[in-house]
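Listed here are the chains, written in short residue letters.
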Amino acid sequence: MTLSIKDPMRAFHKKGIQRSLSVDLTIGMVVILVLIEGALLYFMYQRQARLLQAEIEFKAEDYASKLSEVLAVPIWDFDDEQIEKIGKGFHQNELVRRIRITNNQGNQILLLENDGDNSLLVRRDAAIQYNQQTIGHVEIFISAASYFKEMDWLRNTLIVVLLCSIIVIFIASGLLLRLFLRKPLHALAQGMDRVAKGEFDHQTKNLSYTELTDIADRFNQMASRIKARENALIDINQELKELNDQLRQRFKYEQLLAEMSNHAASRTSYDQFVEESLRSLGEALGTTWIGLYRNRSNDDHLTLSTEWPSGETFERPSRISMVDVGLGTEFIHNLRANQPIQLNQTQLQTQDSADDVTFSPSFKTMLALPLFVQNTFYGGVLFGDVAETRKWEEVAPILETATQIIVRFIESTQARELLLRSEERFREMAEMLPETIFEMDRDGQLTYVNRSGLEQFGYSQDDLQNGLQAADMFAPGERPRLHKNIQALLDGKATRLKEYQACHKDGSQFPTMVSSSPIRKANQIVGARGFVIDISDKKNLEERLQKANRMEAIGNLAAGVAHDLNNNLSGLVGYPDLLLLDPVAYTPLTLP
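Residues numbered from 1 in each chain as written. Predicted model: local features only at pLDDT ≥ 70, side-chain atom pairs only at ≥ 80, totals over all residues. Heavy atoms only, no water.

1. Here's the deal with the overall build of the chain
- Broken down by element type, the chain carries 14 helices and 15 strands.
- Across the 592 residues in the chain, those meeting the buried criterion constitute 34%.
- Sequence-distant contacts, at least 24 apart, represent 54% of the contacts inside the chain between residues at least 6 apart.
- About 38,300 Å² of surface is accessible on the chain, with carbon and sulfur atoms providing 54% of the total. (Helix = DSSP H or I, 4+ residues; strand = E, 2+ residues; numbered from the N terminus. Buried < 20%, exposed > 50% of the residue type's maximum accessible area, 1.4 Å probe, protein only. Contact = heavy atoms within 4.5 Å. Areas by Shrake-Rupley, 256 points an atom, 1.4 Å probe, with all protein chains shown as cover.)

What follows is the structure in structure tokens.
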């Protein structure tokens, strides 16, 4: 497995390895010493190197100058033997590695070389002059190896001095730091341990060094701040705990109100809802007793309707009246004024002997909330508790909301009862009508037909429950027109009385008149309702009337004809009668 360069340091910090302060301080001092003394020694070394380099160059210049002066006469005289002696004399110097002598034409006169290291050589040349004429040149090479040996010795000496200084400083500073810092650091460690154990009032004192005293003062200040923060955290935790308890209790109350609302929406019975609501309130609030008093006949007294816990566990009045002295008058007067009533133990126990309103002496406090149903005084809810520490103002919003839920349930129950009675009354009226009353949905399925309608069409209630289509009640030839009119009705268009040929269950047909209107819910048409009138009798009467009209016309015609004939025959009938008034004896009219 490969590790990056940062892995050792990361592992070092993870393991939590601790280092010695004295070691760190010693290392710091050593580093400073190395930097300062190293820089100083390096400066000395460079300065000495420059001096030696200058000395070598000076000797090279000096040897070249002296050799050119000595060789001037021998070269002018062409004395080769003397030139060789002079050259060898200079060549015997251990610094001289090579000597080369040439004439003014550049021809070599003498060349002398010594064995040795030729890598560190200093070269100098000089002109050989005689009577201010250049008669030759001399070239000399001087070795700097001996000087560099001296420099190496100097460098090694300086390094040894530096290392010895480092070792001495490291050992001495470590021992001194441990000697002087052990006791104050131990005192600081003890102070930290005591603070870590919770002794925040502990003060670290009696430290001999100013630096450590400042650290101790800061540490003491830190301990004081930690103590203040811990106290603040304790207070915050306590407040958070109380707030959490309040939120939990509030959530419990909200759940209670939600359950009461759901229970009220379930259309349960009045007694069951009130009993369950009082029980839930009593268990959630932890109160001792709850009673609901009703003003049944809108008079001046209240009657106990429902209580929790049930039974005569506590002494309480079953009836509170305005004629009762003491609490009775106060209760009803304030409740009728829509004002809550809160009584303490003193008020509950200072009751007149003649007062019929008597509560158990176990009750230490009591709260009464009024109930108004549709702005009419309905009664009140009483909460009794045996604890003196009960604070009704903390739960008053919850109780008021709960009583409003009870009021809304009572109002909705009364409204449902009125609606049911109204629906029952209109249903009975619909059943009494001789005409057919019907309701259907948007699909044409009949949802209601009164008794007369079922009898008129020959169907039963079971047939209606099994499913009847409105189109099945009419003749097949009428159904296209019927479907068209139904669709227009569902689209919201106005309809009038329309005549249809209805169809009985046995297949017989009879004429009817139908009138219908749409059923709207939430501004939407969900079906139609209407009535059907059997006009068979009307049709029969119309036929008889038509016959009577025809007979009357025939009678009128016959009377006219008879009148015309009577006019023409009146002369024939009248004249014989006139003749008979004065008959002649021999006329045939007188014959028997």
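And the narrative resumes.
2. Side note on the sheet that holds strand 4 (residues 133-143)
- Across the sheet, 4 strands lie side by side as 2-1-4-3; this open sheet has antiparallel pairing. Looking at the sheet topology across the chains shown, the edges are occupied by strand 2 (108-113) and strand 3 (121-130). Adjacent strand axes in the sheet meet at a mean angle of 10° when their direction is disregarded.
- Alignment of strand 1 (residues 96-103) against strand 2, held across 5 bridges, turns out to be antiparallel. Looking at the pairing, Thr102 lines up with Gln108 of strand 2.
- Against the sheet, helix 4 (residues 80-91) contacts strand 1 and strand 2, and its axis sits at roughly 25° relative to strand 2. (Pairing = 2+ DSSP bridges. Axes fitted to C-alpha atoms, helices over the stretch in contact; angles between N-to-C directions.)

3. Quick notes on the pairing of strand 3
- Bridging between strand 3 and strand 4 involves 10 bridges; their strand directions are antiparallel. Following the sheet pairing, Tyr130 is matched in strand 4 by Gln133.

4. Focus: the sheet that holds strand 7 (residues 319-321)
- Within the open sheet, the 6 strands sit side by side as 7-6-5-10-9-8. Their pairing is antiparallel. The outermost strands of the open sheet, each flanked by one partner alone, are strand 7 and strand 8 (341-344). Averaged over neighbouring strand pairs, the angle between their axes works out to 25° when direction is ignored.
- Bridge count for strand 6 (residues 301-308) against strand 7 is 3 bridges, and the pairing is antiparallel. When the bridges of strand 7 are listed, Thr303 appears paired with Arg319.
- Against the sheet, helix 7 (residues 270-285) touches strand 5 (289-294), strand 6 and strand 10 (376-385), its axis set at about 65° to strand 6.

5. Things to note about helix 4
- Helix length check: helix 4, at 12 residues, gives a terminal C-alpha distance of 16 Å against a target of 16 Å (1.5 Å per residue), a fit within 8%.
- Buried residues of helix 4: Ile83, Ile86, Gly87, Phe90 and His91, and no others. Buried residues of helix 4, viewed axially, fall in a sector of 135°; they line one side. Facing away from the buried side of helix 4, by more than 90 degrees, are the exposed residues Glu81 and Lys85. (Expected span 1.5 Å × (residues − 1). Arc of directions from axis to C-beta.)

6. Digging into the side chain of Ser277
- Along the chain, Ser277 falls in helix 7.
- Engagement of the side chain of Ser277 in a polar contact is seen with the backbone oxygen of Phe273, the distance being 2.8 Å. (Polar contact = N/O pair within 3.5 Å; in protein donor to acceptor, adjacent residues only side chain to side chain.)

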